[in-house]
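# Working through the structure, step by step
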Amino acid sequence: MKLKELHSLMQDMAPFDPSRLKVQLEQYPTGADIASRMLFTIESMYNDFEGKVVVDLGCGTGMLSAGAALLGSPAVVGVDIDDDALAVALENREQFEDLPVDFVRADVASIAARDGGCAWRRLRCDTVIMNPPFGTRRKGADVDFLRAAARLVRGGGGAIYSLHKSSTRAHLQKVALRELGCSEAQVLAELRYDLPATYKFHKQQSRDIEVDLWRFVVPPGPDADEDEDEEEGQQRRQQPQKQRKQQKQQASRRREVEAEGSGGDTSEEDDDEEDEEEDG
Amino acid sequence: MKLLTHNMLACTIKGVQNGFPLKIEAEEVVEREADFDPDFLRHIFPKLEWAAFLEGARALGCAEGLPDAVPEGALEEEAFLRAFHHALLEVHLEEGALVCPETGRRFIVSKGIPNMLLNEDEV
């Protein structure tokens, strides 16, 4: 499918019902322009739709979900908390015959939170696409979405494509690489997001916001933070943790003795602090 | 929703250890044709929790041709791949519920959309 063709199909899709917009969810339309360009870039550069399971987090009216399926994903799952938006998404899906898109009503933040011992057995997706809230109404909402996305591609590994305000670039890079265990965090394109005056508090008619299209890569294998959810993982970890605590206690006792004798050795104290960080 | 989607969902109520797989109560099941793609089936098979999938297929009445344990080489056989494809991608739970195996909490499925939202006291 050509970019032009995708763009024109997306232009025909219905937007949010303006009388049912929810400001706390930062529901802004993903325009046909930006959506088609985003999706086309992903498929043409990385082939991450064809033959892949795709999840669209905060799918809203299902624009990106439908686009991913049109570009060759055999199974897309759109997740959103808002049933009004999902009702529109269903209508949009009906425009295309047998489009392989399912929708699930769920709170993306609850996917980001620890999700019980069952988590590791669940099927993960290959690719996450999302146009998340920018975190202007609820601070951290953007990072919550990214955390949830990382959780969904963990196991087999995969890629996350997401739109974020350019002003948060340095922060996101840090979170992705240090906290979420991504092996790559790369800005593929800088886009201008034409934000029409959607809500009452918008004073200007419309405003261009600078937005980055990101690609995050999550390598295969369990993540340290997920590990604690797993029953097996817990058993595996409890033992060494206990041992480490004992070792630490011994070490600190030893240090007290040494401190009395030699007047203190700070290097071991540093080691100890690092240990504590690992345990937390 | 398809059984592929069912394989992704779990009950995440606070404190629940075994919220997967969700049991399916089927009221209305529909079929929609999907493109047959053996490469995709081979790609997804090792990621899938087979027992959960099979249990779901039985609940939706589309388990024919799906063995308890998939023998080696089955992914090269047309008959198995067709049965697998059909149950995974073409059969949809339209109305019904998903039930947490540990707590019995029911998640309603309406118009094909499971409502996995938790109440405040469940988070």
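Residues numbered from 1 in each chain as written. Chains lettered and ligands numbered in written order. Predicted model: local features only at pLDDT ≥ 70, side-chain atom pairs only at ≥ 80, totals over all residues. Heavy atoms only, no water.

For the rest of this paragraph, the subject is the environment of I44 of chain B. Position of I44 of chain B among the secondary structure elements: in helix 2 (residues 38–44). Owing to a relative accessible area of 0%, I44 of chain B belongs among the buried residues under this scheme. Distance from I44 of chain B to L4 of chain B, taken between C-alpha atoms, is 9.2 Å for residues 40 residues apart in sequence. Here I44 of chain B is in contact with V53 and L123 of chain A together with L4, F84 and L88 of chain B, once residues within four sequence places are set aside. (Helix = DSSP H or I, 4+ residues; strand = E, 2+ residues; numbered from the N terminus. Buried < 20%, exposed > 50% of the residue type's maximum accessible area, 1.4 Å probe, protein only. Contact = heavy atoms within 4.5 Å.)

Moving on, we get to the interface of chain B and chain A. Between chain B and chain A, the residue contacts involve 33 residues of the former and 32 residues of the latter. Carbon and sulfur atoms make up 58% of the area that chain B and chain A hide from each other, which totals about 2,800 Å². Viewed at the interface, chain A and chain B are joined by two salt bridges. Here K2 of chain B ties to D102 of chain A by a salt bridge, and the two come within 3.4 Å at their closest N and O atoms. For the side of chain B that touches chain A, the secondary structure elements donating two or more residues are helix 1 (3–6), helix 2 and strand 4 (113–114) of chain B. A per-element tally of the side of chain B that touches chain A places helix 2 of chain B first, with three residues. When its residues are assigned to classes, the side of chain B that touches chain A shows 17 nonpolar, ten polar and six charged. (Buried area = accessible area lost by both parts, 1.4 Å probe. Salt bridge = Lys/Arg side-chain N within 4 Å of Asp/Glu carboxyl O. Nonpolar A, V, L, I, M, F, W, Y, C, P; charged D, E, K, R; others polar.)

Our next topic: helix 4 (residues 78–90) of chain B. Where helix 4 of chain B is concerned, the buried positions are F80, L81, A83, F84, H85, A87, L88, L89 and E90 of chain B. Of the surrounding secondary structure, the elements contacted by the buried residues of helix 4 of chain B are helix 1, strand 1 (23–31), helix 2, helix 3 (50–59) and strand 2 (91–99) of chain B.

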